[in-house]
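# Fold and contact review
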Amino acid sequence: MEIVETGIADLVIVKPTVYKDSRGYFFESYNKEVFLANGMEQNFVQDNESKSGKGVLRGLHFQKPPYTQGKLVRVIKGAVLDVAVDLRKSSATYGKWASVELTEDNKWMFLVPPGFAHGFVTLDDDTIFFYKCTNVYNKASEGAIRWDDPDLNIDWGVENPLLSEKDKTAPLFKGFESPFE
């Protein structure tokens, strides 16, 4: 397993070792000991999966304390551009973002720690997105920031994504009061 830094503390790309042969492939998508040995102490308590058509954008979402969530995200089928925005007030990279293309072929994962907003846009039809969470979902603690915020200036690579009503009306980053230290 290779761990790749993104330039934002604690936000890393995980590239598993994939063993392929004539029968197919095998890889470890999570190994607690390997993660701990690389300084990634996570306690995953919930798994989620979504399926979306091409051009669907979900995000930028986060969970406020005490239900903050770290996520280990990956694509089972299809491809996404995955984005994380640092919302930790004490971070030198507050308001900065990083992105990675996750595909069924590369099998990469993105470790998004608590204190980040997270979102993705699907690049293929019938994309299946899977993620592990460090805390259970709590509706009263959900938050969002507009995907097309002009101050964040995220390059999603899509013109007119398909959005939920919640994501269309999410607040802008300007004036955002982060609940994360």
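An account of the accompanying structure is given in this report. Here the structure is a predicted model, which means the values were calculated and not measured.

Once that is clear, we can look at the pattern of salt bridges. A side chain of one charge can pair with a side chain of the opposite charge if their charged atoms are brought near each other. Enumeration according to the criterion identifies 10 salt bridges in this entry. A salt bridge links Arg88 to Asp10; the nearest nitrogen and oxygen atoms lie 2.9 Å apart. Of the two residues, Arg88 sits in the loop between β8 (79-86) and β9 (97-103) while Asp10 sits in the loop between β1 (2-5) and β2 (12-15), which places them 78 residues apart along the sequence. The structure contains a network of salt bridges with shared partners spanning Asp10, Asp86 and Arg88.

As for its placement among the helices and strands, Thr6 is situated in the loop between β1 and β2. With 92 residues separating them along the chain, Thr6 and Ala98 place their C-alpha atoms 6.7 Å apart. Setting aside its immediate chain neighbours within four residues, Thr6 contacts Leu11, Val12, Ile13, Ala98 and Phe110. From its side chain, Thr6 meets the backbone nitrogen of Ile8 in a polar contact 3.2 Å long. Within the structure, Thr6 has its side chain in polar contact with the backbone oxygen of Leu11 (distance 2.7 Å).

Another point: the side chain of Ser52. Assignment of secondary structure puts Ser52 in strand β5 (residues 46-52). Classification of Ser52 by relative accessible area gives buried; the value is 6%. In this structure the side chain of Ser52 is engaged in a polar contact, spanning 3.0 Å, whose partner is the side chain of Arg58. Residues within four places of Ser52 in sequence aside, it is in contact with Arg58, Thr122, Asp124, Asp125, Asp126 and Thr127.

Another point: the sheet that holds β1. Taken in spatial order, the six strands line up as β1-β2-β10-β7-β12-β5 in an open sheet, and their pairing is antiparallel. The open sheet has two free edges, formed respectively by β1 and β5, since each of these has just one partner strand. Across the sheet, the mean angle from the axis of one strand to that of its neighbour is 25 degrees, orientation sign disregarded. Where strand β7 (residues 71-77) meets strand β10 (residues 109-112), four bridges bridge the pair, whose relative direction is antiparallel. Bridge assignment links Arg74 to a residue of β10, and that residue is Met109.

Conventions and cut-offs
Throughout this document, residue positions are counted from 1 along each chain, in the order its sequence is written. Since the coordinates come from a predicted model, pLDDT governs what is reported: local features require at least 70, and pairs of side-chain atoms require 80 or more to be given and counted, while whole-chain, interface and lining totals use all residues. As a convention, hydrogens and water are excluded, and side-chain values are obtained from all of the structure's heavy atoms. When a carboxyl oxygen of Asp or Glu lies within 4 Å of a side-chain nitrogen of Lys or Arg, that pair is called a salt bridge. Strands are runs of DSSP state E lasting at least 2 residues, helices are runs of H or I lasting at least 4, and numbering of each runs from the N terminus. Should any heavy atoms of two residues lie within 4.5 Å, those residues are considered in contact. In the analysis that follows, any N or O atom pair within 3.5 Å is treated as a polar contact, provided that within protein one partner can donate a hydrogen and the other can accept it, and provided that, for residues neighboring in sequence, both atoms belong to side chains. Think of it in three bands: residues with accessible area under 20% of the maximum for their type are buried, residues over 50% are exposed, and the middle band is partly exposed, with areas taken using a 1.4 Å probe on protein chains only. At least two bridges found by DSSP between two strands are what make those strands a pair. Lines fitted to C-alpha atoms define the axes, with helix axes restricted to the stretch in contact, and inter-axis angles between N-to-C directions lie between 0 and 180 degrees.

Fair warning: the whole summary comes from geometry, so function is off the table for now.
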